[in-house]
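Structural characterization, general
Chain by chain, the residues run as shown.
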Amino acid sequence: MPAIDQSQPGQAIDTGVEAALRIAMKSGLPFAGLRHRPIDYRLFSYVPFDVAQREAVVPLSLEDDTLTLAAATGTPDLSEIRATFPALPLRVVVAPGNEIQTILDHVRREAA
């Protein structure tokens, strides 16, 4: 449930988005909301699910031979992906952790 801003009664704040925006600004990485973005689940072949869960990342796109990943932090450990695909450039964008978790929960349910 979103936190309530006490300074403006009745106004809910999406702390997932706010936290992601703060991380994006601090790290200099782009922000990406995921709520209405289609996810290509085939891209999880590049990202082992245990890595995705541990590092809170979701693969978003593969364009011009660059894999873009949404991360809840600005510094996910992507060394396992880099070791498996050393020639694949990785681009990180920051996304709300709760939105990443929703996608990971969906992936887990579909795999079961």
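Presented here is a report on the structure given in the accompanying data block.

As for the pattern of salt bridges
- For the structure on display, the rule yields 5 salt bridges.
- Here E99 makes a salt bridge to R35, at a shortest N to O gap of 3.4 Å. Of the two residues, E99 is situated in helix α4 (residues 97-111) and R35 in the loop between α1 (15-27) and α2 (49-55); the sequence distance between them amounts to 64 residues.
- With its nearest N and O atoms 3.1 Å apart, the salt bridge here joins R108 to D105. Of this pair, R108 and D105 both sit in helix α4, 3 residues apart, which is roughly one turn of the helix.
- Ionic contacts of the salt-bridge type, sharing partners, join the residues R54, E55 and E80 into one network.

Remarks on the environment of F31
- Along the chain, F31 turns up in the loop between α1 and α2.
- Using a relative accessible area of 32% as the deciding quantity, one classes F31 as partly exposed.
- With 65 residues separating them in the primary sequence, F31 and P96 have C-alpha atoms 8.8 Å apart.
- Residue contacts for F31: discarding those within four places in its chain leaves V17, A20, L21, A24, V94 and P96.

Calculation rules
- Residues numbered from 1 in each chain as written.
- Predicted model: local features only at pLDDT ≥ 70, side-chain atom pairs only at ≥ 80, totals over all residues.
- Heavy atoms only, no water.
- Salt bridge = Lys/Arg side-chain N within 4 Å of Asp/Glu carboxyl O.
- Helix = DSSP H or I, 4+ residues; strand = E, 2+ residues; numbered from the N terminus.
- Buried < 20%, exposed > 50% of the residue type's maximum accessible area, 1.4 Å probe, protein only.
- Contact = heavy atoms within 4.5 Å.

Purely geometric stuff here, so don't read any function into it on its own.
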